[in-house]
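Summary of structural features
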Amino acid sequence: MRVRAPATSANLGAGFDVFGLALREPFDVLEVELIPEKAVRVRLVDGYPVPLKPEENTGGYVALRMLEDFDLSKGVELRIWKRIKPGSGLGSSAATAAATAYAVNKLFDLGLSREKLVEYAALGELVSAGSPHPDNVAPAIYGGFTIISSRNPLRVYAISPPRGLGVVVALPDFEKGSTRRAREVLPEAVELDKHVYNLGMAAALAAGMALGDIKMIKEAMNDLIVEPARAKAGIIPLYGEVKRLGERLDAGIAVSGAGPAVIGLIEKERRGVLAEELKRLYASRGYRCRVWVTEPGSGVSEIPG
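A brief report on the enclosed structure follows. The structure presented is a predicted model; accordingly, all values stated were derived computationally and were not measured.

Things to note about the overall build of the protein
Secondary structure assignment for the protein yields 11 helices and 11 strands. Taking 2.2 N^0.38 as the reference for a compact globule, 305 residues should give roughly 19 Å; the C-alpha atoms of the protein span a radius of gyration of 19 Å, in line with that estimate. Along the three orthogonal principal directions, the C-alpha set of the protein runs to about 60 × 40 × 35 Å. Residues counted as buried form 55% of the 305 residues belonging to the protein. Sequence-distant contacts, at least 24 apart, represent 73% of the contacts inside the protein between residues at least 6 apart. For the protein, the accessible area works out to roughly 13100 Å², and carbon and sulfur atoms hold 50% of it. Charge separation in the protein, taken as the distance between the mean sites of 39 positive and 37 negative side-chain charges, equals 3 Å.

As structure tokens, then:
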């Protein structure tokens, strides 16, 4: 089975560890084939390097857990076309984990629900981040905009974003360090006014998605807790300037995942303007930058043929 695994943007706005958005581009391709022995093999066909030991690869680890939990008699080989850069903040590890859970479920006819697939795919984050993060993998499974309302038991809500919502993703050539490091710089205590502000922004963003109100979505893409802490620690380049650019162009801009990528939400017809301005800003400060002009996308899916 060959599947398409979308990039995702987690922590959207003030939705740290709760909100996620599937993107139409970029995406990985994962081919999963049954093998006679009960084992997992991982191969990189093309693209960015990834760990090839199954226990060190997010998809390989998910496959190992599923083979063990369901006492499956055969194994799988994972062949990866890795187009989503690891460590970019675009859900690279989540894409591999989600695609593996989806394909193993289909190939072995396990009949798992999408919430159960999220639980298994989140186990892949043990390899990359040290703990499961369902907000990273939920949009890769469900597509669209997802909300993790509870982790134990897991509760996922999925909302289809408005059709007129455009997305611009900018990935500067900047090494931020590990996801673990990005979590270490977060504050252990939060001021009450910032907590209340972030709750309001998160509520408005979810409401905007549900109501199809793009203006509300853009205005709610703000966070006073996580993004400023990471920017202060030097994990997010040009954070203040990028946010000011968003204000000038009437776009909602936030850090994607743990960064360094940023995501801009804007009306579809105005995506090109935002993309060009982001390119110009990063170039003026000496950063090479890859930009995608895209939109919200669907979850992991089988590629016909």
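A look at the packing of helix α10 (residues 239-248) against helix α11 (residues 271-284)
Contact pair α10 / α11: the axes reach a minimum separation of 11 Å and the direction vectors enclose 150°. What the angle tells us is that α10 and α11 run roughly antiparallel. As for how α10 packs across α11, the hand of that crossing is right-handed. Residues Glu241, Val242, Leu245 and Arg248 of α10 form the contact with α11, whose participating residues are Glu277, Leu278, Leu281 and Tyr282. Considering only residue class, the contact of α10 with α11 consists of 5 nonpolar, no polar and 3 charged.

A few points about the packing of aromatic side chains
The final tally for this structure, using the stated rule, is 4 aromatic pairs. Ring geometry for Tyr282 versus Tyr287: centroids 6.3 Å apart, planes at 90°, classification edge-to-face. A residue is classified by how much of its surface remains accessible, and Tyr282, at 0% relative accessible area, is buried. In this structure Tyr287 comes out as partly exposed when scored by relative accessible area, which is 24%. What links up through ring pairs into an aromatic cluster is the set Phe174, Tyr282 and Tyr287. In this structure, Arg2 is placed above the aromatic ring of Trp81, and the distance from its NZ or CZ to the ring centre is 4.6 Å.

As for the pattern of salt bridges
In this structure the tally under the stated criterion is 26 salt bridges. Salt-bridge contacts for Arg248 lead to Glu277; the nearest nitrogen and oxygen are separated by 3.2 Å. Of this pair, Arg248 sits in helix α10 while Glu277 is found in helix α11, placing the two residues 29 residues apart along the sequence. The network of salt bridges with common partners includes Arg2, Glu31, Glu33, Glu37, Arg41, Arg43, Glu77 and Arg79.

Details of the environment of Met66
Looking at the element boundaries, Met66 is found in helix α1 (residues 58-69). Each C-alpha atom of the pair Met66 and Glu269 lies 43 Å from the other, and the pair is 203 residues apart in sequence. In contact with Met66, other than residues within four places in its own chain, are Leu72, Ala101, Val104, Asn105, Leu110, Leu112 and Tyr120.

Things to note about empty space enclosed by the protein
Once rolled over the atoms, a probe with the size of a water molecule shows which space is left empty. The final tally for this structure, using the stated rule, is 1 cavity of 30 Å³ or more. In this structure, the largest cavity encloses a volume near 70 Å³. Lining the largest cavity are Asn11, Gly13, Ala14, Phe16, Asp223, Val226, Glu227, Arg230, Val255 and Gly257. Along the lines of polarity and charge, the residues of the lining of the largest cavity split into 4 nonpolar, 3 polar and 3 charged.

Focus: the side chain of Asn105
Tracing the backbone shows Asn105 in helix α2 (residues 92-107). Classification of Asn105 by relative accessible area gives buried; the value is 9%. In this structure Asn105 touches Met66, Leu110, Gly111, Leu112 and Leu117, once residues within four positions along its chain are discounted.

Concerning α10
Structural remark: α-helix, 3.6 residues per turn; residues separated by three or four positions point the same way. Where α10 is concerned, the buried positions are Tyr239, Val242, Lys243, Leu245 and Gly246. Along the axis of α10, the buried residues cluster in a sector spanning 155°; they form a single face. Opposite the buried face of α10, by more than 90 degrees, sit the exposed residues Arg244, Glu247 and Arg248. Buried residues along α10 sit in contact with α9 (226-232), β8 (252-255), β9 (262-267) and α11. Positive backbone phi, at 55°, marks Asp250, one or two positions downstream of α10.

Things to note about the side chain of Glu31
Along the chain, the position of Glu31 falls in strand β2 (residues 19-35). Classification of Glu31 by relative accessible area gives buried; the value is 18%. One polar contact links Glu31 to Arg2, side chain to side chain, over a distance of 3.0 Å. Discounting chain neighbours no more than four positions away, the residues touching Glu31 are Met1, Arg2, Glu77, Leu78, Arg79 and Trp81.

Rules of the game
Residues numbered from 1 in each chain as written. Predicted model: local features only at pLDDT ≥ 70, side-chain atom pairs only at ≥ 80, totals over all residues. Heavy atoms only, no water. Helix = DSSP H or I, 4+ residues; strand = E, 2+ residues; numbered from the N terminus. Rg over C-alpha atoms; globule rule 2.2 N^0.38 Å. Buried < 20%, exposed > 50% of the residue type's maximum accessible area, 1.4 Å probe, protein only. Contact = heavy atoms within 4.5 Å. Areas by Shrake-Rupley, 256 points an atom, 1.4 Å probe, with all protein chains shown as cover. Lys, Arg positive; Asp, Glu negative; His and termini not counted. Charge placed at Lys NZ, Arg CZ, Asp CG, Glu CD. Axes fitted to C-alpha atoms, helices over the stretch in contact; angles between N-to-C directions. Parallel < 35°, antiparallel > 145°, perpendicular 65-115°, else oblique. Left-handed = near helix turned anticlockwise from the far one by under 90°. Nonpolar A, V, L, I, M, F, W, Y, C, P; charged D, E, K, R; others polar. Phe/Tyr/Trp six-rings, centres within 6.5 Å; stacked < 30°, edge-to-face > 60°. Lys NZ or Arg CZ within 6 Å of the ring centre and 35° of its normal. Salt bridge = Lys/Arg side-chain N within 4 Å of Asp/Glu carboxyl O. 1 Å grid on protein atoms, 1.4 Å probe; cavity = no way out; pocket = protein on both sides within 12 Å on 5 of 7 lines; lining within 4 Å. Points joined across faces, edges and corners; volume = space filled by probe spheres on them. Arc of directions from axis to C-beta. Polar contact = N/O pair within 3.5 Å; in protein donor to acceptor, adjacent residues only side chain to side chain.

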